[in-house]
Amino acid sequence: MSVSRAFIDVRPLRASRVFRRLLIGRTVSVLGSFMTMVTVMYQVWEMTHSAAWSGAVGLAQAVPLVCFGLFAGAWVDRGDRRRIYLAATVGQAVCSLLLALQAFTGHVPVAGVLALVAAQSACAAVGGPAAGVFVPRVLPKEQVASGLALYQVTAQSMMLIGPALGGLMLGWFGLGVCYLLDALSFLVAFHGAFGLPALPPEGEPSRAGLHGVLDGLRFLAGHRVVRGALVTDLAATVLSMPAGLFPLINEERFGGDPRTLGLFMSAVAIGGVAASALSGTVTHLGRPGLVMLCGAGVWGAALAAFGLMRSPWAGLGLLVVAGAADALSVLSRTTIVQTRTPDALLGRVTAAEQIVGQAGPHLGNMRAGLVAGATSGATALVTGGLLCLLAVVWVAAGTPQLRAGVPVPESP
């Protein structure tokens, strides 16, 4: 394979004007969302100076996704995904405008701020499954993995840039302007999807209500490859999520230097951006299950090793490796979900994937905190990483279909 094929595959950008617009809209929206995340955390802390209220921000984001996600997926699989996504995007923009209004007036209690965050998350619970069908519908099958890789490298880059930019905007212009910028970012996302054709489900639409949800869950239970992909992601997040332990590890091992802590926070994202940028080999390989299993295993092993490190530079190197492995694992998992799921079920399965991706890290940070409280931060990291590795081996051993794959054909 040539060196050029190791870099991210940009064929979707050349081949599809619709995909280019979607990518630009999504990238700008992700940037705005990361800026708002920093802004909300800052505002809640300034209003309360309470760690409990700060933690409630994550709860306000996760609970609507968990409670409404599967029902939203069933709704998405009954109608025009384009119209549903556009409506959800407008809802998110309205929530950002209301957050800006309360920031300018200063008369809303902290519970009101969290209610707006929860409302925006509920809109995302609808918009995420609707958007999950876009890439496989606008790109040929052999370019779906490459399109998802482009989505991921831009999202990872915005994760790296967004919090820092949000901090700068907070310092320069204040809370209200940051929320207004987020509202504008949703309008860019709206424009990106507006030109799509109608996207009703291909096949039998979902049944209404709980029946449709149960149909989606039965598919997940019966499809070994898709089920294995989601279980692998749960193992990586619930058993070995490290972010909540970084301050404690920094205090235990590296003297509590804030500069070290900041580097820890950035190292995982740097690894993710680098791996996504060099994902061409992976997307051409056509074996996403094997790549996902290897990536999740390396993630767990690298974090376990990080828990043993005394050198900050060696620790940073391991976090970069972990971030790169996680990025390839996530890319492969999403490719599996979007290429192995029938279109008529894709909204519900994407909703389940979104719940795993959003709730898993929160549960993982909770698990890590409980273990660290009873033992130490290093013990929580090492045991979590090893448990993740064991879980990945268990999934791989029990799901031979996930290890296999058919090479993706090249387009002419």
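None of these values were measured; they are calculated from a predicted model.

**Overview of the environment of cysteine 294**
Okay, step 1: Tracing the sequence through the fold places cysteine 294 in helix 14 (residues 288–306).
Okay, step 2: What makes cysteine 294 partly exposed here is its relative accessible area of 47%.
Okay, step 3: Counting along the chain gives 253 residues from cysteine 294 to methionine 41, while the straight-line C-alpha distance between them is 34 Å.

**A word on the UniProt feature "transmembrane region" (unreviewed entry) in the protein**
Okay, step 1: Listed under "transmembrane region" (unreviewed entry) in the UniProt record, and renumbered for this structure, are residues 21–45, 51–72, 148–173, 228–249, 261–278, 290–307, 313–331 and 370–397.
Okay, step 2: Across residues 148–173, helical content stands at 100% and strand content at 0%; the span's end C-alpha atoms are separated by 34 Å.

**Looking at the pattern of salt bridges**
Okay, step 1: Throughout the structure, instances matching the rule amount to 9 salt bridges.
Okay, step 2: Close ionic contact of arginine 137 with glutamate 202 constitutes a salt bridge, the shortest N to O distance being 3.5 Å. One end of the pair, arginine 137, is in helix 6 (residues 134–138); the other, glutamate 202, is in the loop between helix 8 (175–194) and helix 9 (209–222), and 65 residues separate them in sequence.
Okay, step 3: Arginine 218 is paired through a salt bridge with aspartate 215; the nearest N and O atoms lie 2.5 Å apart. On the criterion of helical spacing, the pair formed by arginine 218 and aspartate 215 is a turn pair, its members being 3 residues apart in helix 9.
Okay, step 4: What emerges from the salt-bridge pattern is a single network uniting Asp77, Arg81, Arg137, Glu202, Asp343 and Arg348.

**With respect to empty space enclosed by the protein**
Okay, step 1: All chains considered together, the criterion is met by 2 cavities of 30 Å³ or more.
Okay, step 2: The space that makes up the second largest cavity amounts to roughly 40 Å³.
Okay, step 3: Among the elements of the structure, helix 9 and helix 16 (346–374) are those that each provide at least two residues to the lining of the second largest cavity.
Okay, step 4: Looking at which element gives the most residues to the lining of the second largest cavity, the answer is helix 9, with 4 residues.
Okay, step 5: Taken together, the residues of the lining of the second largest cavity break down into 6 nonpolar, 1 polar and 1 charged.

**Quick word on the state of the cysteines**
Okay, step 1: Scanning all chains against the criterion turns up 0 disulfides.
Okay, step 2: Unpaired in terms of disulfides, cysteine 123 finds its nearest cysteine sulfur in cysteine 95, a separation of 4.8 Å.
Okay, step 3: Lacking any disulfide linkage, cysteine 294 is separated from the closest cysteine sulfur, that of cysteine 388, by 13 Å.

**Side note on the environment of isoleucine 8**
Okay, step 1: Mapped onto the secondary structure, isoleucine 8 falls in the segment before helix 1 (11–15).
Okay, step 2: Classification of isoleucine 8 as buried rests on a relative accessible area of 17%.
Okay, step 3: Measuring from C-alpha to C-alpha, the distance between isoleucine 8 and glycine 147 comes to 9.5 Å, with 139 residues separating the pair along the chain.
Okay, step 4: Among residues more than four places away in sequence, those in contact with isoleucine 8 are Ala149, Leu150, Val153, Ser276, Ala277, Leu278, Ser279 and Gly280.

**Considerations on the confidence of the model for the protein**
Okay, step 1: Within the protein, residue pLDDT values average 85, and 94% of them lie at 70 or more.
Okay, step 2: At the level of individual helices and strands, the protein shows its lowest average pLDDT in helix 13 (residues 280–285), which scores 68, and its highest in helix 4 (residues 81–105), which scores 95.
Okay, step 3: Per-residue pLDDT stays below 50 along residues 406–412; that stretch engages in 16 contacts with residues further than four places along the chain or on separate chains.

Thresholds applied
- Residues numbered from 1 in each chain as written.
- Predicted model: local features only at pLDDT ≥ 70, side-chain atom pairs only at ≥ 80, totals over all residues.
- Heavy atoms only, no water.
- Helix = DSSP H or I, 4+ residues; strand = E, 2+ residues; numbered from the N terminus.
- Buried < 20%, exposed > 50% of the residue type's maximum accessible area, 1.4 Å probe, protein only.
- UniProt positions renumbered as here; feature names shortened; annotations may be inferred.
- Salt bridge = Lys/Arg side-chain N within 4 Å of Asp/Glu carboxyl O.
- 1 Å grid on protein atoms, 1.4 Å probe; cavity = no way out; pocket = protein on both sides within 12 Å on 5 of 7 lines; lining within 4 Å.
- Points joined across faces, edges and corners; volume = space filled by probe spheres on them.
- Nonpolar A, V, L, I, M, F, W, Y, C, P; charged D, E, K, R; others polar.
- Disulfide = S-S within 2.5 Å.
- Contact = heavy atoms within 4.5 Å.
- pLDDT = per-residue confidence, 0-100.

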